[in-house]
Amino acid sequence: MSSPWIEGLRSVALEVPDLAQAESFYTETWRLEVAARGNGALCLRGSGSDAFLLALHQGGGLPRIRHVTLRARSAEALAAVAAQVEPSGGRILSPVQPLDEETGGTGFSFRDPHGRIFQVVHGDARREPSASTRDRPLRLTHVVLNSHAVDETQAFLSKVLGFTLADRTVAIAFMNCNSDHHTLAVGVSDNDALNHIAFLMPDGDAVMRGGGRMKDAGFPIQWGPGRHGPGNNLFNYFIDPFGVVIEYTAEVEQVDERYRPRGPEDWKWPPGRVDQWGISPPPGPTLKEAQRRVLFVPS
């Protein structure tokens, strides 16, 4: 099921109203580490090999998403993706060129037909993984993006990025590019906002310890603990100080070419359930509103 061009998800860039508050939250409570800072921006890393997972930029009064960064498998793959963007209805925002950032490499950015912005990079620096900490994120595992036209968005991601459909529920199209069940997912909505960002934890115990730490810090679990159907992953969802929905997850299903996508009829729960376990109540209005609030920056 792998994409011929995209290796995986590297990072997400956000604008936040208060960079100092963001640093305090994401380092002390969410447990990332500062990788670099300067020029009104802060890059934060996990314990894995990515140089950073989250780029935070000083913004205005509302959080916004700048772009989702994907890593290409090769320089040739990077060029192949760039060549597909405009014939598929997207728009190149910056051409393939050396990147002016500490991680180096080459890359380009583009906007899809509905305003979502992606950066694709190759040859960016990586780092030696840190010793695994039981309640510290390793890397990003997926990003869910809303869409007012899910079928169109799915087709664009397939043609331009080489993603394939892993599973489809009534609410979400799960898109695959590597051994993780899904890396991007497209949620049915009336807008094209960021739905949430998922951070991979070392194991289920880390998901639960992280939930306790967040609760102690005044950030209650908004949905969870639970185990999803598609992806089979454990989850706890939260809302950060600015209204961005973030998830601790673990045990993401690993798939290969033998995996067969299933549809909405295959992913139905008994009455009253919204996941495999049925322990947690369904997501409430606070989470649902946050999942449609963070819009992409305009070009």
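Everything that follows concerns the structure shown earlier in this document.
Numbers given for residues are sequential positions, taken from 1 along each chain in its written order. Local features in this predicted model are restricted to residues of pLDDT 70 or higher, and side-chain atom pairs are both shown and tallied only at a pLDDT of 80 or more, whereas totals for entire chains, interfaces and linings draw on every residue. As a rule here, side-chain values cover all heavy atoms of the structure and leave hydrogens and water aside.

Chemist: Just checking my understanding: could you explain the environment of P220 for this structure?
Modeler: Here P220 shows up in the loop between helix 4 (204–216) and strand 14 (223–227). For every residue, the accessible area (1.4 Å probe, protein chains only) is compared with the maximum for its type, and the residue is labelled buried under 20%, exposed over 50%, or partly exposed between those bounds. On the basis of relative accessible area, P220 is assigned to the partly exposed category, the value being 43%. Taking C-alpha positions, P220 is 6.7 Å from F238, a pair spaced 18 residues apart along the chain. Residues count as neighbours in contact if any of their non-hydrogen atoms are within 4.5 Å of one another. Once you skip the residues sitting within four places of it in the chain, P220 turns out to touch Y237 and F238. What counts as a helix is a DSSP run of H or I of at least four residues, what counts as a strand is a run of E of at least two, and both are numbered from the N terminus.

Chemist: Honestly, the packing of aromatic side chains in this entry has me stumped. Any pointers?
Modeler: For any two aromatic rings, the description comes down to two numbers: the centre-to-centre distance and the angle of the planes. For Phe, Tyr and Trp, rings pair up if their centres lie within 6.5 Å, where Trp contributes its six-membered ring, and each pair is then called stacked (planes under 30 degrees apart), edge-to-face (over 60) or tilted (otherwise). Evaluated as defined, the whole model comprises 13 aromatic pairs. Ring plane angle 25 degrees and centroid distance 5.1 Å describe the contact between W223 and Y237, whose orientation is recorded as stacked. You can see W223 sitting in strand 14 and its partner Y237 sitting in strand 15 (residues 234–239), a full 14 residues away along the chain. Since its relative accessible area comes to 11%, W223 is described here as buried. One aromatic cluster in this structure is built from F25, Y26, W30, F199, F219, F238 and Y248.

Chemist: I would appreciate a short explanation of the nonpolar core in the present structure.
Modeler: For soluble globular proteins, the rule of thumb is that nonpolar side chains tend to be buried together. Judged by nonpolar contacts, the single largest core of 61 residues is most densely connected at W30, L54, L56, L161, L184 and I197. Within this scheme, the nonpolar core is defined by two criteria: the residues are buried Ala, Val, Leu, Ile, Met, Phe, Trp, Tyr or Cys, and they are joined through side-chain atoms within 4.5 Å. Core analysis: the next-biggest nonpolar cluster, separate from the first, contains eight residues, M1, A166, A185 and W267 among them.

Chemist: Sorry, what's going on with helix 2 (residues 75–85) here?
Modeler: Because an α-helix completes one turn every 3.6 residues, residues spaced three or four positions apart along the sequence face the same direction. Taken as a whole, helix 2 has its buried residues at A77, L78, V81, A82 and V85. End-on, the buried residues of helix 2 take up no more than an arc of 140 degrees, which puts them together on one face. Across helix 2 from its buried face, at more than 90 degrees, point the exposed residues E76 and A83. Against the buried residues of helix 2 lie strand 1 (6–16), strand 5 (64–72), strand 6 (91–98), strand 7 (106–111), strand 8 (117–122) and helix 3 (150–161). Comment: arc refers to directions from the helix axis out to C-beta atoms.

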